Amino acid sequence: MIRFSSVRRLVSGVPKWRCVEQTGARGYFSSIQQRFDAHASSVLKQSRPTSTHRWTISPASRLCHGDSRGTTDRAASKGNFSLGALTQAPKPAIILGLSGLIPFLSAPTFMAATQSFYPEVAFAQMVYGASIVSFLGGARWGFALPAGSPAQPDWMNLGNSVVPSLLAWMALLCRDNVVEGALLVIMGLGLTLHYDLTLLPGYPPWFKAMRTILTLVATFSLVATLIIKEYCLEQNISEMKK
């Protein structure tokens, strides 16, 4: 390193402009090094992703790929539930729902105990099932009417809520053929359960769980009646009184 104070003593005979030239070259190279260091540090800062770049989702990407949160909510509204949600059901709903199974279960239980098939009892069970199917369709209609309901009063909801009532009416016309009437009721129970669980915007999870259990029990009771008709002797209640 050359100092200005000792120029004459260290480099005697060297012109004064030579020292100035060396000092200028040294300052030129130091400025280049500073620019290089500043540029390198800026490049390193840009290559490191910050937390903002890592988690921010642009509106354009939401338009192209969709909002995953909205997709999750739509999937949850379509029926992702478990039977464990039945523990959250209100007590009146559980009591009234289980009580509604008594007419379904009493008919095959009575006929199995007597080992006889009674058309009047089977028809009464079928009529009660038709009324339940019609009630479930009306419940869907009423669920779509309030302003804040997730089920809008459109053709999808209101139209599908009418179908169970039509099936119930057709079942009631089968007075002389209990088998066809029972099959129509079973079809109506399965159709309304399909609507409530998958097709239409849904009820609370506890109601879906309760609907599943009640529908299965009611369907099995109707199937039990048809089995009794096939394997047991047919009798009339009027003959039983005699």
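Thresholds, definitions, all that
- Residues numbered from 1 in each chain as written.
- Predicted model: local features only at pLDDT ≥ 70, side-chain atom pairs only at ≥ 80, totals over all residues.
- Heavy atoms only, no water.
- Phe/Tyr/Trp six-rings, centres within 6.5 Å; stacked < 30°, edge-to-face > 60°.
- Helix = DSSP H or I, 4+ residues; strand = E, 2+ residues; numbered from the N terminus.
- Lys NZ or Arg CZ within 6 Å of the ring centre and 35° of its normal.
- Expected span 1.5 Å × (residues − 1).
- Contact = heavy atoms within 4.5 Å.
- Patch = residues over 30% accessible without salt bridge, like charges linked within 9 Å, V, L, I, M, F, W, Y side chains within 5 Å.
- Areas by Shrake-Rupley, 256 points an atom, 1.4 Å probe, with all protein chains shown as cover.
- Salt bridge = Lys/Arg side-chain N within 4 Å of Asp/Glu carboxyl O.
- Buried < 20%, exposed > 50% of the residue type's maximum accessible area, 1.4 Å probe, protein only.
- Polar contact = N/O pair within 3.5 Å; in protein donor to acceptor, adjacent residues only side chain to side chain.
- pLDDT = per-residue confidence, 0-100.
- Axes fitted to C-alpha atoms, helices over the stretch in contact; angles between N-to-C directions.
- Parallel < 35°, antiparallel > 145°, perpendicular 65-115°, else oblique.
- Left-handed = near helix turned anticlockwise from the far one by under 90°.
- Nonpolar A, V, L, I, M, F, W, Y, C, P; charged D, E, K, R; others polar.

Give me the packing of aromatic side chains: which residues, what numbers.
For the structure shown, the criterion picks out 5 aromatic pairs. With centroids separated by 4.6 Å and ring planes inclined at 55 degrees, the aromatic side chains of Phe-143 and Tyr-203 adopt a geometry described as tilted. Residue Phe-143 is located in helix H8 (residues 119-144), and its partner Tyr-203 is located in the loop between helix H10 (178-199) and helix H11 (205-231); the two are separated by 60 residues in the primary sequence. Taking the centre distance of 4.7 Å and the plane angle of 65 degrees together, the rings of Tyr-203 and Phe-207 count as edge-to-face. Ring pairs connect the aromatic residues Phe-143, Tyr-203, Trp-206 and Phe-207, which therefore count as one cluster. Just above the ring of Phe-123 sits the side chain of Arg-175; from NZ or CZ to the centre is 4.7 Å.

Give a description of helix H7 (residues 102-114) that names residues and reports values.
Taking 1.5 Å per residue as the helical rise, H7 with its 13 residues ought to reach 18 Å, and the 18 Å between its terminal C-alpha atoms agrees with that figure. Residues of H7 that are buried sit in contact with strand E1 (116-117), H8 and H11. Following H7 by one or two positions, Gln-115 has its phi on the positive side, about 55 degrees.

Lay out a nonpolar patch on the surface with the relevant residues and their values.
Taken together, the side chains of Trp-141, Leu-145, Val-162, Leu-166, Trp-169, Met-170 and Leu-173 present a nonpolar region at the surface, about 710 Å² in accessible area. For the nonpolar patch, the element with the most residues is helix H9 (residues 155-172), which contributes 4 residues. Among the secondary structure elements, Met-170 is positioned in helix H9. By relative accessible area, which is 39% here, Met-170 ends up partly exposed.

Account for the environment of Asn-160, naming residues and giving values.
The topology assignment puts Asn-160 in helix H9. The contact partners of Asn-160, leaving out residues within four places of it in the chain, are Trp-155, Tyr-195, Leu-199 and Leu-200. A polar side-chain atom of Asn-160 sits 2.9 Å from a polar atom in the side chain of Tyr-195.

Describe in detail the confidence of the model for the chain, supporting the description with residues and values.
On average, residues of the chain score 77 in pLDDT, and 65% of them reach the 70 mark or higher. Looking over the chain, one finds the lowest element-wise mean pLDDT in helix H4 (residues 59-65), namely 39, and the highest in H7, namely 96. The low-confidence segment residues 47-79 (pLDDT under 50) makes 14 contacts with residues lying over four places distant or belonging to another chain.

Help me get a handle on the packing of H9 against H10, residues and values and all.
Close contact between H9 and H10 brings their axes to 8 Å; oriented N to C, the two are set at 165 degrees. By the angle class used here, H9 and H10 are roughly antiparallel. The handedness of the crossing between H9 and H10 comes out as left-handed. Of H10, the residues touching H9 (which contributes Met-156, Asn-160, Val-163, Pro-164, Leu-167, Met-170 and Ala-171) are Gly-181, Leu-184, Val-185, Met-187, Gly-188, Leu-191, Thr-192, Tyr-195 and Leu-199. Of the residues belonging to the contact of H9 with H10, the class tally is 12 nonpolar, 4 polar and no charged.

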